[in-house]
Protein chains: 2
Amino acid sequence: MTGPPEIPPLPGHDVRLRNPAPLPNPADADTVVIANLSPLVDDGAYPIKRLAGDDLRVQADLFRDGHDILTARLKWRLRDADTWQETAMDPLGNDRWSAACTFPEPGYYEYTIQAWSEPFLSWRHDFSRKVEAGQVDLETEILEAAILVESAASRALEAGQKDHGEALQAHARLLRDTASAAKAAELVAAADLNALMQFWSDRSLSTSLDPPLTVLVERERAGFSAWYEFFPRSAAGSSDTHSTFRDCLPRIDDARAMGFDVIYFPPIHPIGLTNRKGKNNSLTCLPGEPGSPWAIGSHQGGHKAIAPALGNLEDFRWLVAQTRARGMEIALDFAINCSPDHPYVQEHPEWFFHRPDGTIKYAENPPKKYQDIYPLNFHCEDWRNLWREMVEVVLFWVDQGVRIFRVDNPHTKPVAFWKYLIEEVRREAFDTIFLAEAFTRPRMMETLGKIGFSQSYTYFTWRHSKQDFTEYLTELTRGEMADYFRANFWPNTPDILSHPLRHGGHAAFKMRAVLAATLCPNWGIYSGYEFCENTPMSDENEEYFESEKYQLVDRDWNNPDNIKEFIGRLNAIRRGNPALQRATNIEFCHTGNDQVLAWVKTTPDRSNCILVTVNLDPGHRQESNLHIPLETFGLHEDAAYQVHDLLAGESFLWQGRFNFVALDPSEKVAHVFRLEK
Amino acid sequence: MTGPPEIPPLPGHDVRLRNPAPLPNPADADTVVIANLSPLVDDGAYPIKRLAGDDLRVQADLFRDGHDILTARLKWRLRDADTWQETAMDPLGNDRWSAACTFPEPGYYEYTIQAWSEPFLSWRHDFSRKVEAGQVDLETEILEAAILVESAASRALEAGQKDHGEALQAHARLLRDTASAAKAAELVAAADLNALMQFWSDRSLSTSLDPPLTVLVERERAGFSAWYEFFPRSAAGSSDTHSTFRDCLPRIDDARAMGFDVIYFPPIHPIGLTNRKGKNNSLTCLPGEPGSPWAIGSHQGGHKAIAPALGNLEDFRWLVAQTRARGMEIALDFAINCSPDHPYVQEHPEWFFHRPDGTIKYAENPPKKYQDIYPLNFHCEDWRNLWREMVEVVLFWVDQGVRIFRVDNPHTKPVAFWKYLIEEVRREAFDTIFLAEAFTRPRMMETLGKIGFSQSYTYFTWRHSKQDFTEYLTELTRGEMADYFRANFWPNTPDILSHPLRHGGHAAFKMRAVLAATLCPNWGIYSGYEFCENTPMSDENEEYFESEKYQLVDRDWNNPDNIKEFIGRLNAIRRGNPALQRATNIEFCHTGNDQVLAWVKTTPDRSNCILVTVNLDPGHRQESNLHIPLETFGLHEDAAYQVHDLLAGESFLWQGRFNFVALDPSEKVAHVFRLEK
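Residues numbered from 1 in each chain as written. Chains lettered and ligands numbered in written order. Predicted model: local features only at pLDDT ≥ 70, side-chain atom pairs only at ≥ 80, totals over all residues. Heavy atoms only, no water.

Right, let's talk about the overall build of chain A for a bit. Scanning chain A from terminus to terminus reveals 16 helices and 30 strands. Dimensions along the principal axes, computed over C-alpha positions, put chain A at roughly 105 × 75 × 65 Å. Looking at chain A as a whole, 57% of its 677 residues qualify as buried. Within chain A, residue pairs in contact and separated by at least 24 positions form 74% of the contacts whose partners lie at least 6 positions apart. Roughly 26,800 Å² of accessible area belongs to chain A as shown, and the carbon and sulfur atoms make up 49% of that amount. (Helix = DSSP H or I, 4+ residues; strand = E, 2+ residues; numbered from the N terminus. Buried < 20%, exposed > 50% of the residue type's maximum accessible area, 1.4 Å probe, protein only. Contact = heavy atoms within 4.5 Å. Areas by Shrake-Rupley, 256 points an atom, 1.4 Å probe, with all protein chains shown as cover.)

The structure is reproduced here in structure tokens:
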């Protein structure tokens, strides 16, 4: 590990000849150290995310050599705007400073910190110490103050602020006419002088954070949304007849009645014929079977075409307009899968992977084979045109009025590609929202959030226990992820009929809906959920039996055995309670029973305080004391307070920190209490 | 907080005319994500610090889209070297990878990570899955392998590695001649083929961390050193006679006998006459009083001159050479203070602060005044020449053979200035060591370490309790500071006679010496410590009474009432035990008594295991059970083992996890046990 330390050789007696040291670079003369910013995503490599109207609270270490008094501003603006807005930063102690700004509308914002020694504040500090110590011979000091004020006056006059400049000049004259320390102390205490001196402070030796940091501010729906997924081809609920876009409007009205605001369609493009999959993912496709909509492309067109059985572009635009008229939006699936019949295969064979014999490779995850899909080679020789074409596909649908895309399996395409695509689409249509369907390893899921996806599917579908939820929600809302990763909780998808839904009956569907809708500001269901459809492929395979992915399905959309009204109430509660519209305000409550999960969510001003408690066991009555975090609600220790269950419409008068709940799943699976004030 | 989400307006029916999306930038086509590196100092803004011979273990998240098998290398080189060294990184799970490298000699090193999908490994993985699944029709796959091997052969041949190329070609021919999956599986298992394929792996689609990160590798003494400070002018120990450099050699020999290897001198330059301070910091200086050596500069010269009473440059160089001949070094004080008589005042009045009447300002910290010191204005108009002149001052002493500088109050000069100065000095003389004397706020102390100081004074002097030490050492050695901040522990300085030393007698001096010397690889004492000198200025003022800073002192350097032998034994123990020569290997042990502190330090290979236990109460016997961390020592639960007290020369046979110690300060204040193997 160590030998004797080597001492450098002694130089010769004659001082070495050398060139003088180079002069320092003027750019390297920072006066103030600005460090340890928070929040930061990968040290500023990626933007912080916010929704329009949200705050950003910035903290940083600011300090410099010596004893001068520092002052600092947080500055922000829309990227490429000419002027900055700014606010003073407050010292928190131990060289930590803080300030907050608000972003009123969507856009890329940038922010920076400017900090400097404030000469007038430093002078006042030193002067008052001298006065306190009884020093009286302070004429020189008073003269220094006059000169500082005159210098501020010059800056005001140069900036054309004549009234400010003249007011400052008047203050300076008073100081110049004074030899008395007591009188000078009185003069420099004047409120208007201090306001003017702060406004016209000398920033010539300030240091700014450079380059500025970026905030991606998206519209509300990027962070508060309720999704309903259905297959347009089954909109009319008949396995005999392929439905059309015109058949979809009743479904959209049903979804609206349930309170959803995003309608998500699986791919609507022509489906390949070669190796088309049959019912239940069979390799054999019978005549007339429609195939999987994710096997995109046929002689009828590719990613910019519509499957003729659904209608034409006119029909689609009609449906988009009808949906918008209802305050809702259609989200399209962006699935970069090509069937062997996709036009790209003929037009751009160089974009695919090839076997030694020159044929194109189908997708594999050995030993599984996906012969109906040809993957694209994102690092092929012609990758730049391939990447651009993918942008053009998205922009084509943007031009049809679509502003939300659910992206299929983004983790199987390069991260760098998504960064490029999302930035290019946002450049044309900033209000576009991207949901990442990446059910994969944590680092990849996080990174897709960092590089620009607005929302992400999560592990919620496989989280069931109290410990699961507390750990997972803490990870999502308390660490760095809170600033860049927006979760979207789905109790089911066409691929996932998760375990508790299979055996828990209606109670399980209600319980999972409450969890998704109130733990997370973004949630969604795949149609059939409202009818508690629950036949899995097998005990081991969490896919649906006779999945809609491979066939048209019969479904009685008016089946009275449904939980539509319950779901509708949940979405209405979400809309009516701002505390449920943000993610990071969650705080779990201690309960004495592992089957009873409870948490509170409040708005920053406490005008809306929600307490949710859920029975995680759909089979049995569970009861528990809840430990209510009175501090969070702004209540004192022995307070009596009323809580109103928004689900059941009942009110309770509670007192103090511990209160009892009992939830029998045959009657109710959860309380969603609002604190009444 | 939220209004109704705004839906973007529906575009007109005609698709908007737009330019095609811009092609992606070729530089933005990373294939692998490289993120979350550790260690990092401020996300790579400042270098990691190491000593020559030390390891650097690097971890990072590495992942990419899809299922390809990744491979990665850690690469490093001396900055500006032509070629990289590299080592394979190992996956730790959850996309985390790790590798270590070693830096054999001092210098600025850079390191990076290169990662890519390894086509042959990916092929092998897929192929073996297909074989396991019983697939037999794999001729195309085997051909793909042959092509991969041929491609590697081409790379080898192009690089002039004919033997490698031909060996690979032979393997490829065997594969091309095979249609049998079983036979091919056997062929591709060949060890030499796999080694060659790894060596000639196709890196054309690799991603590298860019720019590389930097490591500052310093010589051993930058991180393992024992300092002895004395005033050359009092070297002969007489208040009547100003000593000279020639008088210093006996002191250096004494320090050598005590095992010190760095001799630190307060400033040796001419001392100002104007407002010179008298005895005990008096504003009145009597004729003949020598003044404070920190009030630098007179008509006899400034920072490049030697106070004539000490000798001349010849004498100084003689002393430097004598010290080096003893395996030791002289450290000079770099104190940027100018007396009113400093030549700069005449030559560069523009470098100072001015009053309105044009006179130069003395230093103040209101209401205190320091009339014997003129501070320099590091942001004056001519700052660039001032900064450069400071570099020239340091290089002047570098030219005299000095390679260690103790920098006085660096926190009162700009951080940016120190970064420039240290980098410029290292450019000329890389082996220069800088110790920051910044007793100031945490963020400033940390930052001075980040921007290049080799070592730093610390809060050790004011840390006394068990909780103090465990918290402070954990902060210094377990967090980010471990990679850039090297502590130097001083029980006393000319400014600080710390509290426990005033009343604890010899036991307190021994106890504080053990703590400093064995908690920290760098420690130092100010002369007089070995004689347990302990008269403070007052109960409230921790400075020494009749401080050497302001006068020549009488001191009998051969006073038999001393702890020289004890200090010598401590330094010998440090030299003989590598575990005590590094900082971050410390692990505190549980003890049952708050007055008994215990910790272990071990080398990575456990060849040297040290257990130190100290009685923190110099007034009373203290005893305790120690909880020995057997795992750290590599011992099993019921092991019997021998520990040898290197201070007392006694051995003990211990067993198991709990062992008893008793320390009576009248006999011994500490054990420094070495585990005997």
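Per-residue confidence for chain A gives a mean pLDDT of 95, with 98% of residues at or over 70. The ipTM assigned to the predicted complex is 0.93, against a pTM of 0.94. (pLDDT = per-residue confidence, 0-100.)

The subject of this paragraph is the side chain of R403(B). All names here are of chain B. For R403, the position within the fold is in the loop between α9 (383-399) and β16 (404-408). We classify R403 as buried; its relative accessible area is 7%. Reaching out from R403, the side chain makes a polar contact with the backbone oxygen of V398 at a distance of 2.9 Å. (Polar contact = N/O pair within 3.5 Å; in protein donor to acceptor, adjacent residues only side chain to side chain.)

Within this structure, the stated rule accounts for 92 salt bridges over all chains. Close ionic contact of R427(B) with E424(B) constitutes a salt bridge, the shortest N to O distance being 2.8 Å. In this pair, R427(B) and E424(B) both sit in helix α10 (residues 415-428), three residues apart, roughly one turn of the helix. As a salt-bridge pair, K549(B) and E543(B) come within 3.4 Å of each other at their nearest N and O atoms. Given a relative accessible area of 23%, E543(B) falls into the partly exposed group. The structure contains a network of salt bridges with shared partners spanning R219(A), R221(A), D261(A) and E329(A). (Salt bridge = Lys/Arg side-chain N within 4 Å of Asp/Glu carboxyl O.)

So, on to the interface of chain B and chain A. Across the boundary between the two partners, chain B contributes 104 residues, which contact 104 residues of chain A. Contact between chain B and chain A buries roughly 9,400 Å² in total, counting both sides, with carbon and sulfur atoms accounting for 57%. Between chain B and chain A we count six salt bridges in total. As a salt-bridge pair, E144(B) and K361(A) come within 2.8 Å of each other at their nearest N and O atoms. Between the two partners, chain B and chain A, sit 20 residue pairs in polar contact (both at pLDDT 80 or more). Here the side of chain B that touches chain A gets ten residues from one element, more than from any other, and that element is α9(B). For the side of chain B that touches chain A, the per-class residue count stands at 41 nonpolar, 23 polar and 40 charged. (Buried area = accessible area lost by both parts, 1.4 Å probe. Nonpolar A, V, L, I, M, F, W, Y, C, P; charged D, E, K, R; others polar.)

Looking now at empty space enclosed by the protein. Residue and element names in this part refer to chain B. All told, the structure shown has eleven cavities of 30 Å³ or more when counted by the stated rule. In this structure, the largest cavity occupies an estimated 90 Å³ of space. Lining of the largest cavity is provided by F231, P232, R233, H242, P266, P267, I268, H269, I271, P293, A307 and L310. Of the residues assigned to the lining of the largest cavity, the class counts are nine nonpolar, two polar and one charged. (1 Å grid on protein atoms, 1.4 Å probe; cavity = no way out; pocket = protein on both sides within 12 Å on 5 of 7 lines; lining within 4 Å. Points joined across faces, edges and corners; volume = space filled by probe spheres on them.)

Attention now moves to the packing of aromatic side chains. This model, assessed by the stated rule, comprises 84 aromatic pairs over all chains. On the basis of an interplanar angle of 15° and a centroid distance of 4.6 Å, the ring pair of W123(A) and F127(A) is categorised as stacked. Of the two residues, W123(A) and F127(A) both sit in helix α1 (residues 119-132), four residues apart, roughly one turn of that helix. The class of W123(A) is buried, set by a relative accessible area of 8%. With centroids separated by 5.3 Å and ring planes inclined at 85°, the aromatic side chains of F439(B) and W462(B) adopt a geometry described as edge-to-face. Here W462(B) lies in the loop between β18 (455-457) and α12 (466-478) and F439(B) lies in the loop between β17 (433-437) and α11 (442-450), a separation of 23 residues in the sequence. Look at F439(B) and you get partly exposed, because its relative accessible area is 24%. Residue classification places W462(B) among the partly exposed residues on the basis of a relative accessible area of 30%. One aromatic cluster is present, formed by F334(A), F378(A), W383(A), W387(A), F405(A), F417(A), W418(A), Y420(A), F434(A) and F453(A) through successive ring pairs. Here the basic side chain of R246(B) rests over the ring of W318(B), its NZ or CZ set 4.3 Å away from the ring centre. We note R512(B) situated over the ring of F460(B); from NZ or CZ to the ring centre the distance is 4.5 Å. (Phe/Tyr/Trp six-rings, centres within 6.5 Å; stacked < 30°, edge-to-face > 60°. Lys NZ or Arg CZ within 6 Å of the ring centre and 35° of its normal.)

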